[in-house]
Amino acid sequence: MDGAWRGVRLWRQAALAFALLAGFGAPAASAADCPGHPNALGTSRTLVVDPRQHPRIGTMQYPETLPLADHEVVLTFDDGPLPKNSNKVLDILAAECVKATFFTIGQQARNSPEGVRKLLAAGHTIGTHTQTHPLTMNRMPIERARQEIEDGIASTKAALGDNADALAPFFRIPGLLRADAVEDYLAEQGIQAWSADFLADDWRHVSSARVYDLAISRLEANGKGILLLHDIQARTVAALPRILETLKARGYRIVHVVPATQERPTTPTEPQEWLLHPAPDAIAHWPEVPNFVFANRGNLPAPARSDFDATAETPMLHEAALSRPSWPEPSELAAGNATVTLAAPASSLFEIEGGLDAARHGAALSRRGHKTASVAPGASEPIRTKRLSRRDARRLALANSRQLRLAQVSGRQSHRGAAGASRQKTHAVTTAHRGPVKRLVQVRKRRV
Ligand SMILES: [Zn+2]
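Every value quoted in this text rests on a predicted model; they were computed, and no experiment measured them.

Definitions and cut-offs
- Residues numbered from 1 in each chain as written.
- Predicted model: local features only at pLDDT ≥ 70, side-chain atom pairs only at ≥ 80, totals over all residues.
- Heavy atoms only, no water.
- Helix = DSSP H or I, 4+ residues; strand = E, 2+ residues; numbered from the N terminus.
- Expected span 1.5 Å × (residues − 1).
- Buried < 20%, exposed > 50% of the residue type's maximum accessible area, 1.4 Å probe, protein only.
- Arc of directions from axis to C-beta.
- Contact = heavy atoms within 4.5 Å.
- Pairing = 2+ DSSP bridges.
- 1 Å grid on protein atoms, 1.4 Å probe; cavity = no way out; pocket = protein on both sides within 12 Å on 5 of 7 lines; lining within 4 Å.
- Points joined across faces, edges and corners; volume = space filled by probe spheres on them.
- Phe/Tyr/Trp six-rings, centres within 6.5 Å; stacked < 30°, edge-to-face > 60°.

1. Here's the deal with helix H2 (residues 83-95)
Working step 1: Over its 13 residues, H2 extends 18 Å from the first C-alpha to the last, a length consistent with the 18 Å expected when each residue adds 1.5 Å.
Working step 2: Among the residues of H2, Asn-85, Ser-86, Val-89, Leu-90, Ile-92 and Leu-93 are the ones counted as buried. One side of H2 holds all its buried residues, which, seen down the axis, span an arc of 165°. Of the residues in H2, the exposed ones pointing more than 90 degrees away from the buried face are Lys-84 and Asp-91.
Working step 3: Looking at the packing, one finds that the buried side of H2 touches strand S3 (72-78), strand S4 (101-104), helix H4 (113-121) and helix H8 (234-249).
Working step 4: Phi turns positive, to about 50°, at Cys-97, one or two residues after H2.

So, in structure tokens, the structure goes:
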């Protein structure tokens, strides 16, 4: 009897130890323990974060985001609670045992305090989203912004009553209309500013099918991240079951984010895991670039225009040029007058030997046939062009190959200069009409 009892006790101790080990760290529901929903998506893990260590997250606006592994997703819902739709969102999440983060508006919390308490009862994380959801936090006086933040927190805490401590120090700026002063204030208060990694445009007048498409396509493009949704929107309610279904089918895992407390230590992470594009191992381990030692660090000798004998028919180098130590110093550009001093072809390059009549004569010869024009060298070359004919090139090459090379190099350089200026101009024009900038302005005008 005694032995049997001891056996039961040992078994109980072992079971308890196993349970403790399994639940080590923060507890997280999984598909296996979602009562009544054996095929639920579940919540794969709980991530405990310290807002003071990482005050701003979300790659849409900040260099840092949550340290998620590939195929990990954090669901966030803004602007509630609005019982009509928020309760449906809660039901859909409960059916999949998915934990999310809700950013409540103070006024909504005042109108539906039981809606806030439902979030807590369901085990979700609750952050705040100002008192009145102003879309002007990027330009309002900081005193007003502080009031919005503090009132939103106070209203949500009032709704939570005795459980006010359960409110997470997480905050999302309405419309993501950030401002340095607002972020600084949040950081001083130990409140984490949450942007997002991608949106599903569910506040816009789009169909629920569109919300689904955007949520999934943007997640697939990111591979992981924080998804921003709105629990007050009927289209979100309609899209959510399919979104969760697809996440499950494609092997995505839900991560529940909670703030660190004295009893709940921060999940250990590496700083680079919080960065937008952490260096993959392959890149991190690339061999270092060898430290070359150059025998001569001075500038390479190169010819200047004055090195050429202007009177000669073909460019000739002065002997002194061969020992030139470096390029000549460029003349000082006057600030604000740079365009005038940009490199431009000299007018002499376009001079026509023998005058315009000779040019016309040459052109007429050319039209009659290249062969005719090149039969009599000298007389058949009324136009001095930068580009040499093949035959001429061969002739010059035979005469002086070094001189020919110099002539070609000189020609290419002036061509490159012109092309570069042209590219710059095109770039400036396309920048002025860029689409993304326009779209960003539109996004910012809308309510997020
Ligand atoms: Zn919002």
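2. Let's talk about the pairing of S3
Working step 1: Of all 7 residues in S3, 7 are buried; the element is thus mostly enclosed.
Working step 2: Pairing geometry for S3 and strand S10 (residues 253-259), over 2 bridges, is parallel. The residue bridging Val-73 from the neighbouring strand is Ile-254, located in S10.
Working step 3: In this sheet, strand S9 (residues 225-230) lies alongside S3 in parallel orientation, the contact comprising 6 bridges. Residue pairing for S9: Val-73 is matched across the bridge by Gly-225.
Working step 4: By the bridge criterion, 3 bridges tie S3 to S4 in an arrangement that is parallel.

3. Describing empty space enclosed by the protein
Working step 1: With the rule as written, the count across this model stands at 1 cavity of 30 Å³ or more.
Working step 2: A volume near 30 Å³ is recorded for the largest cavity.
Working step 3: Taken together, Gln-61, Tyr-62, Ile-173, Leu-176, Ala-193, Trp-194 and Ser-195 make up the lining of the largest cavity.

4. Thoughts on the packing of aromatic side chains
Working step 1: Per the stated rule, a full pass over the model turns up 3 aromatic pairs.
Working step 2: Both rings, one in Phe-77 and one in Phe-102, keep their centres 5.1 Å apart while their planes meet at 20°; by these two values the pair is stacked. Placement of the pair is Phe-77 in strand S3 and Phe-102 in strand S4, with a sequence separation of 25 residues. Like Phe-77, the residue Phe-102 is buried in the burial classification.
Working step 3: Between Phe-170 and Trp-194, the aromatic rings sit 5.0 Å apart at their centres with planes inclined by 40°, giving tilted as the arrangement.

5. Comments concerning the environment of Gly-36
Working step 1: Residue position: Gly-36 is located in the loop between helix H1 (2-22) and strand S1 (45-49).
Working step 2: Considering only alpha carbons, one finds Gly-36 and Glu-96, 60 residues apart in sequence, at a separation of 9.8 Å.

Everything listed is a geometric property; what it means functionally is a separate question.
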